[in-house]
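# Observations on the three-dimensional arrangement
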Amino acid sequence: MSREATPPFTEEEISLTTAEINERPTGALAEDVLSHWVSGRPLSFRLPSLGRAVPIARQLAGLWLDAEDVRANHARDAALLVISELVTNALEHSDSAHITGWLRRTADRLLLEVRDQGKTSSVPRLHRATPDEDHGRGLALVAGYSQEWGMRLSMDGSCSVWAAVPLSSRSTAAW
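Notes on the structure in this doc start here. (Residues numbered from 1 in each chain as written. Predicted model: local features only at pLDDT ≥ 70, side-chain atom pairs only at ≥ 80, totals over all residues. Heavy atoms only, no water.)

### Here's the deal with unusual backbone geometry
With phi around 60 degrees, aspartate 69 is a residue other than glycine that occupies positive phi space. Within the element layout of this structure, aspartate 69 appears in the loop between helix 3 (53-67) and helix 4 (73-92). (Helix = DSSP H or I, 4+ residues; strand = E, 2+ residues; numbered from the N terminus.)

And the structure:
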């Protein structure tokens, strides 16, 4: 695990409410939200802590990858899996009212980050789940599909977990 961190959230943030999420199908909502998005800009989104936040985050990420012309299956699949796992972990392991996600593209990789509001006594850590465990594979998947990953704990109690997904299949970590 590297200590490198993605840049802070600085871009315009898409913020969705519980009502907006509950009123619309996931795909239609994500398409409407990103219909005005300008290619080449990082994506930042804020979602309420709902189970439906995971597929919405995944859909937003997929549409953003389309706008960024990320077509390589290995990079797309890895990025979608990583963002899903990071959002799921933030929802499952914190008592946050909302989570914030951020995606940025560099020349050779995708930088993904999810921040919760904290309010938990546990710190994200890599856990190798046994075959009979139902949970505990999220960060192992993130580590396996990323070049590197890490986390930051803030003074306000929030926790950010980030990952760098390579655009080239030659850079993919072995899993």
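### A word on the nonpolar core
Counting residues in hydrophobic clusters, the biggest one holds 43 residues, and the most contacted among them are Phe45, Leu47 and Leu110. Within the residue set of this core, elements represented by two or more residues are helix 2 (26-34), strand 2 (43-48), helix 3, helix 4, strand 3 (98-105), strand 4 (109-115), helix 5 (138-145) and strand 6 (159-166). Ranked by the residues each element gives to this core, the list is headed by helix 4, at ten residues. If near-sequence neighbours (up to four positions away) are discounted, leucine 47 is found in contact with Leu16, Ile21, Ala53, Ile56, Ala57, His98 and Ile99. (Core = buried A, V, L, I, M, F, W, Y, C linked by side-chain atoms within 4.5 Å. Buried < 20%, exposed > 50% of the residue type's maximum accessible area, 1.4 Å probe, protein only. Contact = heavy atoms within 4.5 Å.)

### As for the packing of helix 2 against helix 3
Helix-helix packing is characterised by the crossing angle of the two axes and by the distance between the axes. At a minimum axis distance of 9 Å, the contact between helix 2 and helix 3 shows a crossing angle of 45 degrees. Overall, the two elements helix 2 and helix 3 adopt an arrangement that is oblique. Seen from above, helix 2 lies across helix 3 with right-handed handedness. Between helix 2 and helix 3, the contacting residues are Thr26, Gly27, Leu29, Ala30, Glu31, Val33 and Leu34 on the first element and Pro55, Ile56, Gln59, Leu60, Leu63 and Trp64 on the second. Residues belonging to the contact of helix 2 with helix 3 are distributed by class as follows: nine nonpolar, three polar and one charged. (Axes fitted to C-alpha atoms, helices over the stretch in contact; angles between N-to-C directions. Parallel < 35°, antiparallel > 145°, perpendicular 65-115°, else oblique. Left-handed = near helix turned anticlockwise from the far one by under 90°. Nonpolar A, V, L, I, M, F, W, Y, C, P; charged D, E, K, R; others polar.)

### Overview of the pairing of strand 5 (residues 148-153)
As paired strands, strand 5 and strand 6 are joined by six bridges and run antiparallel to one another. Residue leucine 153 lies in a different strand from strand 6, and its bridge partner there is cysteine 159. Linking strand 5 to strand 6, which pair antiparallel, is a turn of five residues; within it glycine 157 sits at a positive phi near 95 degrees. (Pairing = 2+ DSSP bridges.)

### What about helix 4?
Under the 1.5 Å per step criterion, the end-to-end length of helix 4 is 28 Å for 20 residues, consistent within 8% with the ideal 28 Å. The buried fraction of helix 4 is high, at 14 of 20 residues. (Expected span 1.5 Å × (residues − 1).)

### A closer look at the packing of helix 3 against helix 4
Interaxial distance between helix 3 and helix 4 falls to 9 Å at its minimum, and their mutual angle equals 150 degrees. Considered as vectors, helix 3 and helix 4 are oriented roughly antiparallel to each other. Along this stretch, helix 3 crosses helix 4, giving a crossing that reads as right-handed. Contact residues: Ala53, Val54, Ala57, Arg58, Ala61, Gly62, Leu65 and Asp66 in helix 3; Arg76, Ala79, Leu80, Leu81, Ile83, Ser84, Val87, Thr88 and Leu91 in helix 4.

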